[in-house]
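Understanding the architecture of this molecule
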Amino acid sequence: MGARNVLERVRMRILPPSARGVYVTFDEVKDALSSLEAKVESLAEDNRRLFARIEQADRGINGNIDYKFEGRLFPRLHNMSQELATHDAHDKILLWEIVRQEGESVREAKMRVHRSLPRATGVLRLLQRGNAALLRDFVALCDAHGVEYFLSYGSLLGAARQGGIIPWDDDLDVNMAFEDFDRLRGIVESDERYALSVVYDQYVYCKQIRFKYADAAIPCFVDVFIHDYTDGSDRVSAAYAALRKELVESVRREEEKNALGGEGKYLSAGDERSKGIADLYDRYRQRIVEEGLVCSREGAVVLQYGLENMDGAPDKDYSLLMSEVFPLGRLAFEGIACAVPKEYEKILERHYGDWLELPNDLYTHFEHIDRSSVDVRALVERFGCDG
């Protein structure tokens, strides 16, 4: 019912017929309300038209932006990227032809250049000397007790390319099957010179295992990555991926429940707050056994990355073929004969592409050890300096 009708009914019921002055007043009010209704409707119509124009303009702007980005900018960026890649490839060809000596292949030239790169200096070099000494001890310990391992990632790359530590690197990497790690853990527990540290990394949701000196003043370490023996079937690969997803979600819930942020993103096994997370990793380790996902070494086709170490994109390759790893070979690393996969060059190519090219991370390589906090005197006293 409109405002005009309401007023008319009120007037007829409560006002006397002869009250002409009042009638006049009500007529004026009705006229004013009628005018107001017309203005409100006019404003509403103006708003509808305005919003329609805004929506039309928005579609036009977005469409124009989409066209300019997808139709013009993105293709140009793609072409530019291809041109830069082509230019880079041309430069590399010319570079190696200039560097190559008479009678030397391009591969030999690349190896010579890498092995002639200057060593690190300062604190980084002290850490590298400490890492080399620690690796020598690690290899001797494993060889003495029949514990199988092999160099991986940057350490494998350094062994193959430099014959030792990459000049800008500050850590060491080895892989081993869970059974070998279990044996190593028992050996280290009975040897007071060494320790195994465990840190739960909540940035990539992995369990960092490090072999190190028991002396806390020496920050050097060997990262130990765990593998499992599996039959390599699609069923096992899918189950590992599903369990890894479950594990990460469970750890996230535990993290949220205990408000683990900031420093809580790195939790050592000795931190009381890590207990719930440690229990989850142990529980999922048990599940892969209970669900029959692992097998004996004799029946294995694949070395599957353990749930503890799987991080990155869901489609990332988390396995190595047994046939490309075993039997293990040896490469010199800082004068130490270290175990390496049989087809180490194939593995390096899969991980790094052309691993003999000059790398992109000479100045951006991640620092695993805070060099400002290193006890330089302790390193010098224990490992000495380069001559």
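Refer to the structure presented above.
In short, a report on the structure. Note that residues are indexed from 1 along each chain, following the sequence as it is written. The predicted nature of this model means local features are confined to residues of pLDDT at least 70 and side-chain atom pairs, given and counted, to a pLDDT of 80 or more, with totals for whole chains, interfaces and linings taken over all residues. Here the side-chain values reflect all heavy atoms present in the structure, with hydrogen atoms and water set aside.

**A few points about the overall build of the protein chain**
Just so we agree on the cut-off: Note on conventions: DSSP H or I runs of at least 4 residues are helices, E runs of at least 2 residues are strands, and numbering of each starts at the N terminus. Any residue under 20% of the maximum accessible area for its type is buried, any over 50% is exposed, and the rest in between are partly exposed; the area is computed with a 1.4 Å probe on protein chains only. Working rule for contacts: check all heavy atoms of both residues, and any pair within 4.5 Å makes them a contact. Residue burial considers only the protein chains on display, and all accessible areas are found by Shrake-Rupley using a 1.4 Å probe.
For the protein chain, the helix and strand inventory stands at 11 helices and 10 strands. Burial analysis of the protein chain (387 residues in total) assigns 37% to the buried set. Intrachain contacts of the protein chain at a sequence separation of at least 6 include 68% that bridge at least 24 residues. Accessible surface, the protein chain as shown: approximately 22400 Å² in total, 54% of it carbon and sulfur.

**Quick notes on the packing of aromatic side chains**
Spelled out, the test is: In summary, the pairing rule links any two rings of Phe, Tyr or Trp, Trp by its six-membered ring, whose centres are within 6.5 Å, and it sorts them by plane angle into stacked for under 30 degrees, edge-to-face for over 60 and tilted for everything else.
Scanning all chains against the criterion turns up 8 aromatic pairs. Arranged with centres 5.4 Å apart and planes meeting at 35°, the rings of Y200 and Y281 form a pair that is tilted. Linking Y200 in strand β3 (residues 194–201) with Y281 in helix α8 (residues 275–290), this pair joins segments that are 81 residues apart in sequence. Per residue, the accessibility class of Y200 equals that of Y281, and both read buried.

**Re the packing of helix α3 (residues 106–115) against helix α5 (residues 153–161)**
Let me state the cut-off plainly: For helices, the fitted line uses only the C-alpha atoms of the stretch in contact; every axis is such a line through C-alpha atoms, and the angle between N-to-C directions lies from 0 to 180 degrees. The scheme is simple: roughly parallel for angles under 35 degrees, roughly antiparallel for over 145, roughly perpendicular for 65 to 115, oblique for anything else. Basically, the charged four are Asp, Glu, Lys and Arg, the nonpolar ten are Ala, Val, Leu, Ile, Met, Phe, Trp, Tyr, Cys and Pro, and anything else, Gly included, counts as polar.
Two elements in contact, α3 and α5, have axes whose closest approach is 9 Å; the angle formed by their N-to-C orientations is 110°. Relative to α5, α3 is oriented roughly perpendicular. On α5, the residues that touch M111, H114 and R115 of α3 are A159, A160 and R161. Here the contact of α3 with α5 is composed, by residue class, of 3 nonpolar, 1 polar and 2 charged.

**Points about α8**
Rule in force here: The span you would expect from a helix comes to 1.5 Å times its residue count less one.
In this model α8 runs 22 Å from its N-terminal to its C-terminal C-alpha over 16 residues, within 8% of the 22 Å that 1.5 Å per residue would give. Turning to α8, the residues buried within the fold contact α6 (178–189), β3, β4 (206–213), β5 (221–230), α7 (234–257) and β6 (266–268). At the exit of α8 stands G292, carrying a positive phi of roughly 70°.

**As for the packing of α7 against α8**
The condition that has to hold: Take the far helix as the reference: if the near one is turned anticlockwise from it by less than a right angle, the crossing is left-handed, and if turned clockwise, right-handed.
Viewed as axis vectors pointing N to C, α7 and α8 meet at an angle of 165°, and their least axial separation amounts to 10 Å. It follows that α7 is roughly antiparallel to α8 by the angle criterion. Remark: the crossing between α7 and α8 carries right-handed chirality. Residues Y240, L243, E246, L247, S250, V251 and E254 of α7 form the contact with α8, whose participating residues are G276, I277, L280, Y281, Y284, R287 and I288.

**A few points about the pairing of β5**
Just so we agree on the cut-off: Two strands pair under a simple rule: DSSP has to find at least two bridges between them.
With 9 of 10 residues buried, β5 is to be regarded as a mostly interior element. With 6 bridges joining them, strand β2 (residues 172–177) and β5 adopt parallel strand pairing. By the bridge assignment, L172 is partnered in β5 with V222. Two elements, β4 and β5, share 4 bridges in a ladder whose sense is antiparallel. Each bridged residue has a counterpart across the sheet, and for I209 the counterpart in β5 is V224.

**Remarks on the pattern of salt bridges**
Quick reminder of the rule: The salt bridge definition used is simple: a Lys or Arg side-chain nitrogen within 4 Å of an Asp or Glu carboxyl oxygen.
Under the definition given, this model contains 27 salt bridges. R297 is paired through a salt bridge with E148; the nearest N and O atoms lie 2.2 Å apart. Placement of the pair is R297 in the loop between α8 and β7 (302–305) and E148 in the loop between α4 (122–145) and β1 (150–151), with a sequence separation of 149 residues. You can call R297 partly exposed: its relative accessible area is 31%. For the salt bridge of D271 with R273, the shortest nitrogen-to-oxygen distance reads 2.9 Å. Each member of the salt-bridge network shares a partner with another, and the members are R119, R125, R129 and D386.

**Here's the deal with the nonpolar core**
Selection criterion: Throughout, nonpolar core names a set of buried Ala, Val, Leu, Ile, Met, Phe, Trp, Tyr and Cys residues whose side chains join them through atoms within 4.5 Å.
In this structure, L135, F138, Y149, L151 and F211 are the most contacted members of the largest nonpolar core, which totals 51 residues. Residue contributions to this core peak at 8 residues, all from α4. Aside from chain neighbours lying at most four places away, what touches F138 is Y149, V174, M176, L184 and F211. Formed by 20 residues, the second largest nonpolar core is a distinct cluster that contains L247, V248, A278 and L293.

**With respect to helix α11 (residues 376–383)**
Spelled out, the test is: In this description, the arc belongs to the directions extending from the helix axis to the C-beta atoms.
Listed in full, the buried residues belonging to α11 are A378, L379 and F383. Buried residues of α11 fall within an arc of 100° about the axis and therefore sit on the same side. More than 90 degrees from the buried face of α11, the exposed residues found are R377 and E381. Among the structural elements, α4 and β4 are those in contact with the buried residues of α11. Immediately downstream of α11, the backbone of G384 shows phi near 70°, a positive value.

**Concerning a nonpolar patch on the surface**
The condition is simple: Each patch groups residues whose relative accessible area exceeds 30% and which form no salt bridge, using 9 Å between like charges and 5 Å between nonpolar side chains of Val, Leu, Ile, Met, Phe, Trp and Tyr.
On the surface, L73, F74, L77, M80 and L84 cluster together into a nonpolar patch covering about 470 Å² of accessible area. L77 sits in the partly exposed class, given a relative accessible area of 42%.

Any functional reading would require information beyond the geometric quantities listed.
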